[in-house]
Amino acid sequence: MTTEIYLDGNATTAVLPAAIAAAADAMGQRYGNPSSSHGTGLKAKVLLDQTRACAARLLGVGDGRLMFNSGATEGIQTAVLSALVALRERRERGEAIGSLLVYGATEHKAVPESLAHWNRLLGLNLTLQKLPVDQDGAHDLALLRELAPRAALVCTMAANNETGIVTNLAAIEVLLAETGSAAYWLVDCVQALGKLDLDLASTRIDYAPFSGHKLYAPKGIGMLYVRAGAPFTPLIMGGGQEGGQRSGTENMAGIAALGAVLSALERGDTFRSHHQLASFRARLAESLRAALPGVVFNNPFDKSLPTTLNFSVPGLSSRELMDVFDAAQVRVSSGSACSAAKAAPSYVLDAMHAPLWRSAGAIRMSFGPLADEATINDACRRIERCGAALRASCLIPSERTAVPHDGLLQLGVEGACSWMVLDAASRSCIVIDPLPEMTTRIESYVRCQNYQVQAIVSTSLDTDRSMLISALGRHVDSHAATDAYGWPAAAHAIQLGTQTLLSVSDGAARHYLLGEAVDAALPPQAVRFVFSARPAVEALRPLTCAQTLLCPTRDEHNQFCVGMAAPAATAAPAALQLDSAALDAFLQAHPDAELVDVREPYEFAATITPGAAGRSARSVPLSRLAEHASSWLHAEQIPLVFFCRSGNRSLKAAQLLRRLGHGQAYSLGGGLALAPLAHAA
């Protein structure tokens, strides 16, 4: 079984075996309530005290408070609440307080959202002030110097979760002292534990939250440091646990596990040194440079944690990079884990003034201080594999001409579609409705496969073809005479290998029919595809047949294509999905069933998972689904089981085939993430 390479340590980490054993011991042998005074409770109390004492030594807590909680988010809430309650009480006593709640522009979202929440609930009505950073992620200290006298609370972080950039806390402390600022100071130390030396009591930091699962402890356990003399208000009241600072019976399994991690950190015999970690990062960076031409690193290594790389690749989206790495079982993330499901650019890189292509296409690769030589070596090999898969798919430059493809290719962005009709034998193609956003992708594809573009045509008059014509250079005849839609002057049809493209006008728009000509004509039964800007074209029905597919230039609902005939009734999504157990039974009952991998070609090529199902699969990416759907409808129908990484794309494919009248199309629920399948070489 292929082992995954986990490079998303800034999001979370695996649990240290010693921590698992400590948690099991706490649940099995020392299960008492530490608030109980009998012997069983006292055993738990000793464990609680030992863990707190170890943490206090490591963090240099001194006379400050150190309480256990559920993690950093709770710690941030508690710190913000404590500071703002104190500010309100001071104002009610007639004391002057600052008017600004200052936070770094690259802070974790938990900080500004907590500030806004408690500021509103407590009725303080202070002004939230974002502190800008420069292109290296460093805070604007000149502006902070201006703001400090008016600041009521300053929030910064020890190290950024997306970029690993380390904050110059010493400079901020000096600045606050020089300006005589009375502001409270919250420092998010989540990424610092085990990676930076901390001596909190020697600083003027008032609050410092920590989260155990960032350093090999389980999720749901964390700590909050509060400087001696700093105001404190409990977030949770009740039984008075944690010295009345945080009520609720302590999570003893989590505390025991965290204690095992902290003990290992204190002994210094478990985790890699800063030098070793920096050498690992350098080797990963070298592999990325070799595999991904033009890669740009978004974090200056000399100012960042040695465990974090943040990079972007020209012409590639973060989703494409995520998918190819995931196919090779290299786990990375786009932005922070809290926002990875969103398509928005990284607000951290936006704040660092990175261009949009970098902030929208950024990937974070991070590892913990337990990383070893073998893992890094394997990661470098898989990065090379990902690069080869992307080159073969024409997504990044290659010195070799790629193997040309036949058929139909769909390129979409935000509900709009471009189409390419490809002919490998003649190395020629036709582009229909080129989107400006797809210019680079189409140009790369044409150059990579050394196609000659016979025509660039449009279904409407508002399509701008000039950008693509200019980008293609010698691959298109830019001087050929065409009409307003790009159709070659005086041409009745365009021949592309065995395929014929016809142009049809209805006065308001242009439509194109594609099929295999019969005796120099294109009868309705030979028309496989219609390209149109409109989803339903009644005037074209006499020119097509029931199996003809309409390929729209607008596809807001991810339908890919629609049939010229009335759509078949679509079953509920649950009825189309098979889980891994049902798949085994289905394949035994239907030995003729075909497994279809609808991931993109670069994912298919990068996949290294052996086939647990014992069956090979056919690669039919969604970008080519229309072409293959037409073939399946014209052939004898056999069961089709689509799958992808998570099950989302495969469900769309199954729904399309069902709408087109194929009654035996299914999707593997959960995709490869839950039930790995084989793939064809």
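Per chain, the residues get numbers from 1 upward, laid out in the order the sequence is written. Local features are withheld for residues below a pLDDT of 70 in this predicted model, meaning they are given only at 70 or higher, and side-chain atom pairs are given and counted only at 80 or more; totals for whole chains, interfaces and linings count all residues. Only hydrogens and water are removed before side-chain values are computed, so all heavy atoms of the structure are retained for them.

*Asks:* Where do I start with the overall build of the protein chain in this structure?
*Replies:* The helix and strand inventory of the protein chain stands at 20 helices and 27 strands. Considering only C-alpha atoms, the protein chain reaches an extent of 95 × 60 × 45 Å along its principal axes. By residue count, 55% of the 681 residues in the protein chain fall in the buried class. It only takes one pair of heavy atoms within 4.5 Å for two residues to be counted as in contact. For the protein chain, the proportion of contacts with a sequence separation of at least 24, taken over those separated by at least 6, is 66%. Per-residue and other accessible areas follow the Shrake-Rupley method at a 1.4 Å probe size, with only the shown protein chains counted as cover for residues. Only carbon and sulfur atoms are counted for the fraction: they give 53% of the accessible area of the protein chain, which is about 27800 Å². Counted charges follow a simple rule, with Lys and Arg positive, Asp and Glu negative, and His plus the chain ends left uncounted. Working definition for charges: the position is that of NZ of Lys, CZ of Arg, CG of Asp or CD of Glu. Here the protein chain carries 56 positive and 62 negative side-chain charges, and the mean point of each set is 3 Å from the other. In this description a helix means any DSSP run of H or I spanning at least four residues, a strand means any run of E spanning at least two, and both kinds are numbered starting from the N terminus. Categorising residues by exposure relies on relative accessible area from a 1.4 Å probe, with only protein chains included: less than 20% of the type maximum marks a residue as buried, more than 50% marks it as exposed, and the intermediate range marks it as partly exposed.

*Asks:* Teacher, can you tell me more about the state of the cysteines here?
*Replies:* Disulfide: a covalent bond connecting the sulfur atoms of a pair of cysteines. For the purposes of this analysis, a disulfide is any pair of cysteine sulfur atoms at a distance within 2.5 Å. Enumeration according to the criterion identifies one disulfide in this entry. Residue C394 pairs covalently with C448 via a disulfide, S to S 2.3 Å. Between C394 and C448, the S-S torsion sits near -70°, and that sign places the bridge as left-handed. Taken as a pair, C394 in the loop between helix 12 (373–392) and strand 13 (407–413) and C448 in helix 13 (residues 439–448) lie far apart in primary sequence, 54 residues in all. The exposure classification of C394 matches that of C448, with both residues buried. With no disulfide of its own, C417 lies 9.0 Å from the sulfur of C551, the closest cysteine sulfur. The thiol sulfur of C551 is not disulfide-bonded, and the nearest other cysteine sulfur, from C561, lies at 5.5 Å.

*Asks:* Whenever I open this one, empty space enclosed by the protein confuses me. Can you help?
*Replies:* Over the atoms a probe the size of a water molecule is rolled, and this reveals where empty space is left. Detection works on a 1 Å grid of protein atoms alone, calling trapped sets that fit a 1.4 Å probe cavities and calling open sets with protein on both sides within 12 Å along at least five of seven lines pockets, with lining residues defined by an atom within 4 Å of a point. Grid points are joined across faces, edges and corners, and a volume is the space filled by probe spheres set on the points. For the coordinates displayed, the defined rule picks out one cavity of 30 Å³ or more. By volume, the largest cavity is sized at about 70 Å³. In terms of lining, the largest cavity is formed by T106, G137, H139, M157, N160, T163, I165, T167, V348 and M352.

*Asks:* Looking at this structure, I do not really get the pattern of salt bridges. What am I missing?
*Replies:* A side chain of one charge can pair with a side chain of the opposite charge if their charged atoms are brought near each other. Salt bridge criterion: a side-chain nitrogen from Lys or Arg within 4 Å of a carboxyl oxygen from Asp or Glu. Per the counting criterion, the structure on display carries 27 salt bridges. A salt bridge links R645 to D323; its shortest N-O distance comes to 3.6 Å. On the criterion of sequence distance, the pair formed by R645 in the loop between strand 26 (640–643) and helix 19 (648–659) and D323 in helix 9 (residues 318–327) is long-range, its members being 322 residues apart. In this structure, E627 and R624 form a salt bridge, with 3.7 Å as the shortest nitrogen-oxygen distance. Both residues of the pair, E627 and R624, belong to the buried class.

*Asks:* Can you help me understand the pairing of strand 6 (residues 184–188) in this one?
*Replies:* Along a regular strand, successive side chains alternate from one face of the sheet to the other. Here strand 6 lies mainly inside the structure; five of its five residues are buried. Burial along strand 6 is two-sided: Y184, L186 and D188 and W185 and V187, pointing in opposite directions, are all buried. For two strands to pair, DSSP has to find at least two bridges joining them. Here strand 5 (residues 151–157) pairs with strand 6 via five bridges, running parallel. Bridge assignment links L153 to a residue of strand 6, and that residue is Y184. Every crossover in which the path from the first strand over the helix to the second runs clockwise, viewed with the strands pointing away from the viewer, is termed right-handed. Where the polypeptide runs from strand 5 across helix 6 (residues 169–178) and back to strand 6, its parallel neighbour, the crossover connection is right-handed.

*Asks:* I tried to follow unusual backbone geometry on my own but got confused; where do I start?
*Replies:* Peptide bonds are, in most cases, trans, and in most cases residues other than glycine have a negative phi. Non-glycine residue R427 carries a positive phi angle of around 45°. You can see R427 is positioned in the loop between strand 14 (416–423) and strand 15 (428–432). Relative accessible area serves as the criterion here: at 28%, R427 is assigned to the partly exposed category. Not every positive phi belongs to a glycine, and D433 is a case in point at roughly 55°. With respect to the helices and strands, D433 occurs in the loop between strand 15 and helix 13. Look at D433 and you get buried, because its relative accessible area is 5%.

*Asks:* Help me understand the sheet that holds strand 12 (residues 363–366) in this model?
*Replies:* Paired through backbone hydrogen bonds, the strands of a sheet run either parallel or antiparallel to each other. With respect to topology, three strands assemble into an open sheet ordered 9-10-12, the strand pairing being antiparallel. Edge positions in the sheet fall to strand 9 (296–297) and strand 12, since each of these pairs with one other strand and no more. Bridge analysis of strand 10 (residues 308–312) against strand 12 gives four bridges, and the strand direction is antiparallel. Residue pairing in the sheet places L309 in a bridge with M365 of strand 12. Axis lines are fitted through C-alpha atoms, for helices just across the contact stretch, and the angle between N-to-C directions can take any value from 0 to 180 degrees. Across the sheet, helix 8 (residues 274–291) lies against strand 9, strand 10 and strand 12, angled at about 15° from strand 10, the strand it touches most.

*Asks:* Quick question: what am I supposed to make of the nonpolar core here?
*Replies:* If you look at soluble globular proteins, the nonpolar side chains tend to sit buried side by side. If you look at the biggest cluster of nonpolar residues, it comprises 55 residues, and the most contacted ones within it are L59, W185, F210, M223 and V261. In terms of residue count, the dominant contributor to this core is helix 7 (residues 252–267) (10 residues). In this structure L59 touches L66, L193, L198, D199, L200, F210 and M223, once residues within four positions along its chain are discounted. Formed by 41 residues, the second largest nonpolar core is a distinct cluster that contains F529, C561, A653 and A665. The criterion is simple. A nonpolar core is a set of buried Ala, Val, Leu, Ile, Met, Phe, Trp, Tyr and Cys residues joined through side-chain atoms within 4.5 Å.

*Asks:* What should I look at first to understand the packing of helix 9 against helix 12 in this one?
*Replies:* For any two helices packed against each other, one specifies the inter-axial angle together with the distance between the axes. Direction vectors running N to C along helix 9 and helix 12 enclose 125°, while the axes themselves pass 9 Å from each other. One way to sum up the angle between helix 9 and helix 12 is to call them oblique. In the crossing of helix 9 with helix 12, the sense of the turn from one axis to the other is right-handed. Judged by residue contacts, L321, V324 and F325 of helix 9 engage I383, C386, A389 and L390 from helix 12. Class assignment of the residues belonging to the contact of helix 9 with helix 12 gives a composition of seven nonpolar, no polar and no charged. In this scheme, roughly parallel covers angles under 35 degrees and roughly antiparallel covers those over 145, while 65 to 115 is roughly perpendicular and the rest are oblique. Crossings are classed by handedness, with left-handed meaning an anticlockwise turn of the near helix from the far one by less than a right angle and right-handed meaning a clockwise turn. By the convention adopted, Pro, Cys, Tyr, Trp, Phe, Met, Ile, Leu, Val and Ala count as nonpolar, Lys, Arg, Asp and Glu as charged, and the other residues, Gly among them, as polar.

Any functional reading would require information beyond the geometric quantities listed.
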